[in-house]
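# Chains, contacts and geometry: an overview
Residues per chain are reported as follows:
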Amino acid sequence: MADNPTPHLDENTAAPEAKPKKTGVKRRAFLVGSALLIGGGAFGLYLAENTVRSRAKALTEAGGGHNFLTWMKIAEDDTVTVYSPHIDFGQGSHTALGQMLADELDADWKKVVVEQAPADSAFANTALVTSFLGEMTGMPGVINALPAPVVGMLTRTQNIQITGGSSAVRFTGQMGMRVVGAAVRLALIEEAAARLGVPAGELVTANSAVTHTASGRSLRYGELAAGAAERSLDGSPTLKDPKDFKLIGTGVPRGDIPAKVDGSAVYGIDFTMPGMRVATIAAAPVRGGKLVAVDEAPALAVKGVEKVVKLDDAVVVIAKGYWQASKGLAALNPEFSDGGNADVSTASIYAAQDALRKAGKPTNEAGEGDVDVAFKAAGDKLISAEYRVPFLHHAMMEPFAITGHFTEGKLHLWGGLQDPLGARDRAAKAAGLTMDEVVFHPMIMGGGFGRRFPGVTEILDQIGPLAKQVPYPVKLIWSREEEVRHGTYRPQSSARLSAALDGDGKITAWRADYVQSDNAEGETTFIYDVPATSRRHFEYRSNQIDGPWRSVNSTQIGFYNESFMDELAAAAGEDPYRFRRKHLPQGSRHLAVLDAVAARAGWDNPLPEGSGRGIAIVESFGTIVAEVVEVAMSPDGTPKVVKAFAVVDCGTVVNPLNAEAQISGGLIMGLSSALGEAITLEKGAVVQSNFTDYPLIKLADAPPAVDVHFLNSGAKMGGIGEPGVPPASPALANAIAAASGQRIRTLPILAQAKA
């Protein structure tokens, strides 16, 4: 959805960044790594690493070819197979990871295949863990210096094969795939030099071949693979200079698209096998409730229904097909307890959050400078505002569906989840099995957005015990209603922001007090140059299960910060764009992104009456995104988004076409959540049940086009799948304020308009 078929790319030199404020460092992960280093035993760790490599070879070489460093193999016909530890569920990471490895390898792209890595500990994602540890501790140099077997052991013991955190390209691609490709290329050159009897320095690589230019002799990668696989590989090869990229930075078509277009792609909900039955489930409407009693007879009277299974907090109906199972479930009248949560409601949660914040005892605090002193000196120029955002549902296109078959002492599972290794672990525990007794077959997913992480995926607790009770394969499907009412939502959250302005309209102090389940510090960078800041988190948990939602905490924190920046600009009597400019360091990447989006949106161009533009800029997952939304107000007070612009600095763009799609989709998802989405509670239970009362944005209400523009700054690579979401809601709210004078402090927007 762009004005041009490909997004715009600017080649700029890296500029100094707006420095994030100092915060307390989370050191738990670092201490775990240090403990392994000190007490694990170097010999044992290296032996384990070699065992893991041997296992990866055994799992990948059965069909021919030679495995290198776990993550790739080369066949005699020159086919390069890349094994991705990440699930590709529409974000295009398989293609991007393939590009990154193939570019460093100098492989012929037409001969590159990307496959899903097995859900086996040999394919635990060490590159991701190394990068995450460096980011979490603030000491990437120390973490990168840890021996690979140490990080490998930590990764395998934690069963990490995660897809999330916008990490596939910036972590696995940069720290893993590019390194593997470069190391294997050197080994192929060394093998060719030995066979041709020439110095390695006289050889060049291109299109899956090593060539001695002077003599014209050449050897294909497939011819060299067997010998190269026996060589020691460089663990820290020199990576290509960006000017030498051949695939990185190009819009290579995604490999997953054709099967999704022609319908041959098989999702978890499509999976079938001989003799399979289908089940569906109804859990306690109030989270925390239990199944008290149920009369099975009405369900068993439905033709095709074969069994009713009682779980601790749910009832399951198994039948020959989904329709029969659904009819059987509808015939039941189960009795559930409420777990003591019948008094929980949306209103009661906000009231409890307000009381917690007013008590003034934060759970976590970060910032610098003395905010209280600055506030006392501010006098009348102290501005405050309170904001509220609701629980948000993930609204996956494909509801949960996992097939389980317990046979010969092993539980086999088929489905799409965001961490296949973690899924094996949780399913094993729920079924009373060891991980070795669980085999997980990863499948593509129809959306996830954080909902399919094993830690928040209750279907894994259900499918194992269910499969163990029947002699046949059974596919458990959550209905759309079940999936909506029993989500693991983005937390309901509220905040009070306060700031002091001096006589020149500069912010001298800033305080953000926000109440929700998790601490957001470190996820969303506070980018503005303010002498004194305080960010205080007050922990509150309801009976709902909160979970990561696309961009995690950056959506609500971005909404709070960027909405408040507009309010401060109004208090200072200044233009919102220029007010932001003067609080960003000159020459910074943030300022370049902000200026670019204002220019592309025609910020100073006049608009018709009843129209307005809003601007917002958020840094998350290492990527800076600024967005401008233009709205026209309808006579009934509802907004219509007519234009949207996004400028992105993620350092280096690997696949411009895919990156554009991710930013456009993220922006529209952000608009949808701000306009009409909300999960609300009454008497402890979720009110909404389907898209009829949880409305997603429709095509007619989305902007006709999203203008996406990238600044290739050359800075450290950031994520791309999630950073497009956070600026959208504040940009929309600020546009409405510009058009109508109405400040939006509570989401969703349409609920306020109707009220």
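Residues numbered from 1 in each chain as written. Predicted model: local features only at pLDDT ≥ 70, side-chain atom pairs only at ≥ 80, totals over all residues. Heavy atoms only, no water.

## Remarks on the overall build of the chain
The condition is simple: Runs of H or I in DSSP of at least four residues are treated as helices and runs of E of at least two as strands, each being numbered from the N terminus. Only protein chains enter the accessibility calculation, which uses a 1.4 Å probe; a residue is then buried when its area is under 20% of its type maximum, exposed when over 50%, and partly exposed in between.
When helices and strands are tallied, the chain shows 22 helices and 28 strands. Overall size of the chain, expressed as C-alpha extent along the three principal axes, is 80 × 75 × 55 Å. Going through the 755 residues of the chain one by one, you find that 57% of them count as buried.

## What about the pattern of salt bridges?
To keep it simple, the criterion reads: By definition, a salt bridge exists where a carboxyl oxygen of Asp or Glu is found within 4 Å of a side-chain nitrogen of Lys or Arg.
In total, this model carries 47 salt bridges according to the counting rule given. With its nearest N and O atoms 2.9 Å apart, the salt bridge here joins Arg541 to Asp518. One end of the pair, Arg541, is in the loop between strand E22 (532-539) and helix H17 (554-572); the other, Asp518, is in the loop between strand E21 (507-516) and E22, and 23 residues separate them in sequence. Overall, Arg541 belongs to the partly exposed group, its relative accessible area being 48%. Through salt bridges with shared partners, a single network forms among Asp103, Asp106, Arg185, Lys240 and Lys246.

## Focus: the pairing of strand E12 (residues 314-319)
What counts is decided by this rule: Pairs of strands are assigned from DSSP output, requiring at least two bridges between the strands.
Judged by how many residues are buried, E12 sits mostly within the fold: six of six residues are covered. Neither face of E12 is left uncovered, since the one carrying Ala314, Val316 and Ile318 and the one carrying Val315, Val317 and Ala319 both have all their residues buried. The sheet contact formed by strand E11 (residues 305-310) and E12 spans five bridges and is antiparallel. If you follow Val309 over to E12, its bridge partner there is Val316.

## What about the sheet that holds strand E8 (residues 217-220)?
Convention followed: Inter-axis angles, ranging from 0 to 180 degrees, are taken between N-to-C directions of lines fitted to C-alpha atoms, where helices are fitted over the stretch in contact. Here, residues are in contact when the closest pair of their heavy atoms is within 4.5 Å.
Ordered by their spatial adjacency, three strands build an open sheet running E6-E7-E8, and the pairing between neighbours is antiparallel. Each edge of the open sheet is held by one strand with a lone partner, namely strand E6 (203-206) and E8. Each adjacent strand pair in this sheet contributes to an overall mean axis angle of 25°, direction not counted. As paired strands, strand E7 (residues 209-212) and E8 are joined by four bridges and run antiparallel to one another. By the bridge assignment, Val210 is partnered in E8 with Leu219. The strands that helix H8 (residues 221-229) touches are E6, E7 and E8; relative to E8, the one it contacts most, it runs at about 70°.

## As for the environment of Gln662
For Gln662, the position within the fold is in helix H20 (residues 656-675). What makes Gln662 buried here is its relative accessible area of 9%. Distance in space between the C-alpha atoms of Gln662 and Val725 is 9.5 Å, their sequence separation being 63 residues.

## Some points on the side chain of Gln688
To keep it simple, the criterion reads: Here a polar contact is recorded for every N or O atom pair within 3.5 Å, except that within protein the pair must consist of a potential hydrogen donor and a potential acceptor, and residues adjacent in sequence are included only if both atoms are side-chain atoms.
Mapped onto the fold, Gln688 is located in the loop between strand E27 (685-686) and strand E28 (706-712). A polar atom in the side chain of Gln688 sits 2.9 Å from the backbone nitrogen of Thr680. The contacts of Gln688, once residues within four sequence positions are left out, are Val484, Arg485, Ala678, Ile679, Thr680, Asp693 and Tyr694.

## Some details on the nonpolar core
Spelled out, the test is: Here, nonpolar core refers to any group of buried Ala, Val, Leu, Ile, Met, Phe, Trp, Tyr and Cys residues whose side-chain atoms link them within 4.5 Å.
Among the nonpolar cores identified, the biggest contains 74 residues, and Ile507, Trp510, Tyr560, Phe564, Leu568 and Leu732 are the most heavily contacted of them. Ignoring any residue separated from it by four or fewer positions in sequence, one finds Ile507 in contact with Ala499, Ala500, Leu501, Val530, Pro531, Met565, Leu568, Phe579 and His583.

## Notes on the side chain of Asn734
Note on placement: Asn734 falls in helix H21 (residues 728-740). Contact partners of Asn734, with chain neighbours within four places excluded, come to Glu562, Ser563, Asp566, Arg580, Arg613, Gly614, Ile615 and Arg743.

## Quick look at the pairing of strand E18 (residues 438-442)
As a reminder of what qualifies: The handedness of a crossover follows from its direction of travel: if, with the strands pointing away from the viewer, the path from the first strand over the helix to the second runs clockwise, the crossover is right-handed.
Relative to E18, strand E17 (residues 410-415) runs parallel, the two being bridged by five bridges. Counted as the bridge partner of Leu411 is Val438 from E18. Note on the crossover from E17 through helix H14 (residues 420-431) to E18: the handedness is right-handed.

## Structural notes on the environment of Glu523
Along the chain, Glu523 turns up in the loop between E21 and E22. In this structure, the C-alpha to C-alpha distance between Glu523 and Leu711, residues 188 residues apart in sequence, is 22 Å. Residues contacting Glu523, with those up to four places away along its chain left out, are Val552, Asn553, Ser554, Glu619, Ser620 and Phe621. Of note is the side chain of Glu523, whose polar atom sits 3.1 Å from the backbone nitrogen of Asn553.

## Focus on the sheet that holds E18
The strand order across the open sheet formed by seven strands is E11-E12-E9-E19-E16-E17-E18, and the pairing between neighbours is mixed. Two strands lie at the open edges of the sheet, namely E11 and E18, each paired on one side alone. Direction aside, neighbouring strands of the sheet carry axes that sit 20° apart on average. On the sheet, helix H11 (residues 322-331) packs against strand E9 (277-283), E11, E12 and strand E19 (474-477) and is oriented at approximately 30° with respect to E9.

## A closer look at the packing of aromatic side chains
One pair of aromatic rings is described through two measures. These are the centre distance and the angle between the planes. Keep this limit in mind: Put simply, two rings from Phe, Tyr or Trp (the six-membered ring, in Trp's case) pair if the centres are within 6.5 Å, and we call them stacked under 30 degrees between planes, edge-to-face over 60, tilted for the rest. Placement of a positive charge over a ring is assigned whenever Lys NZ or Arg CZ falls within 6 Å of the ring centre and within 35 degrees of the normal to the ring plane.
Taken as a whole and assessed by the stated rule, the structure comprises 13 aromatic pairs. Over the aromatic face of Tyr472 sits the side chain of Arg277, whose NZ or CZ is 4.4 Å from the ring centroid. Just above the ring of Tyr350 sits the side chain of Arg388; from NZ or CZ to the centre is 4.4 Å.

## Remarks on helix H19 (residues 589-600)
This is how it is decided: The span one expects for a helix is its residue count, reduced by one, times 1.5 Å.
In a regular helix each residue adds 1.5 Å, so 12 residues correspond to 16 Å; H19 covers 17 Å between its end C-alpha atoms and thus fits that length. Turning to H19, its buried residues are Arg589, His590, Leu591, Val593, Leu594, Ala596, Val597 and Ala598. Residues of H19 that are buried sit in contact with helix H18 (576-581), strand E23 (611-620), strand E24 (623-633), strand E25 (639-649) and E28. Positive backbone phi, approximately 60°, marks Gly602, located one or two places after H19.

## Brief notes about H21
Compared with the 18 Å implied by 1.5 Å per residue over 13 residues, the 18 Å span of H21 between its first and last C-alpha is a close match. Counting buried positions along H21 gives 11 out of 13 residues, so the element sits mostly inside the fold. When we look at burial in H21, the residues that qualify are Ala728, Ser729, Pro730, Ala731, Leu732, Ala733, Asn734, Ala735, Ile736, Ala737 and Ala739. Once H21 finishes, Gly741 follows within two positions and takes phi at roughly 85°, a positive value.

## A few points about the packing of H20 against H21
Operational definition: Oblique is the label for every angle not falling under 35 degrees (roughly parallel), over 145 degrees (roughly antiparallel), or within 65 to 115 degrees (roughly perpendicular). Left-handed is the label given to a crossing in which the near helix is rotated counterclockwise from the far helix by less than a right angle, and right-handed is the label when the rotation is clockwise. Only Asp, Glu, Lys and Arg are considered charged, only Ala, Val, Leu, Ile, Met, Phe, Trp, Tyr, Cys and Pro nonpolar, and every remaining residue, Gly among them, polar.
The interhelical angle for the contact between H20 and H21, taken along N-to-C directions, is 60°, at an axis separation of 8 Å. For the element pair H20 / H21, the angle class is oblique. Here H20 runs over H21; the crossing is right-handed. Mapping the contact onto sequence places Leu667, Gly670, Leu671, Ala674 and Leu675 in H20 and Ala728, Ser729 and Leu732 in H21. Partitioning the contact of H20 with H21 into residue classes produces six nonpolar, two polar and no charged.

## Side note on the confidence of the model for the chain
Rules: Each residue carries a pLDDT score, the predictor's confidence in it, ranging from 0 to 100.
Residues at a pLDDT of 70 or more form 93% of the chain, whose mean pLDDT is 93. Below pLDDT 50 for its whole length, residues 1-40 participates in 100 contacts with residues either more than four positions away or in separate chains.

## Topic: unusual backbone geometry
One can expect most non-glycine residues to show negative phi and most peptide bonds to be in trans. Here Leu747 and Pro748 are connected by a cis peptide whose omega angle stands at 5°. Note that Pro748 resides in the loop between H21 and helix H22 (749-754). Of note, Thr70 is a non-glycine position whose phi angle comes to about 75°, a positive value. Here Thr70 is to be found in the loop between strand E2 (66-68) and strand E3 (72-74). Assessed through its relative accessible area of 4%, Thr70 is described here as buried. Within the chain, Asp106 stands out as a residue other than glycine whose phi angle is a positive 60°. Structurally, Asp106 is set in the loop between helix H3 (93-105) and strand E5 (112-116). You can call Asp106 buried: its relative accessible area is 7%.

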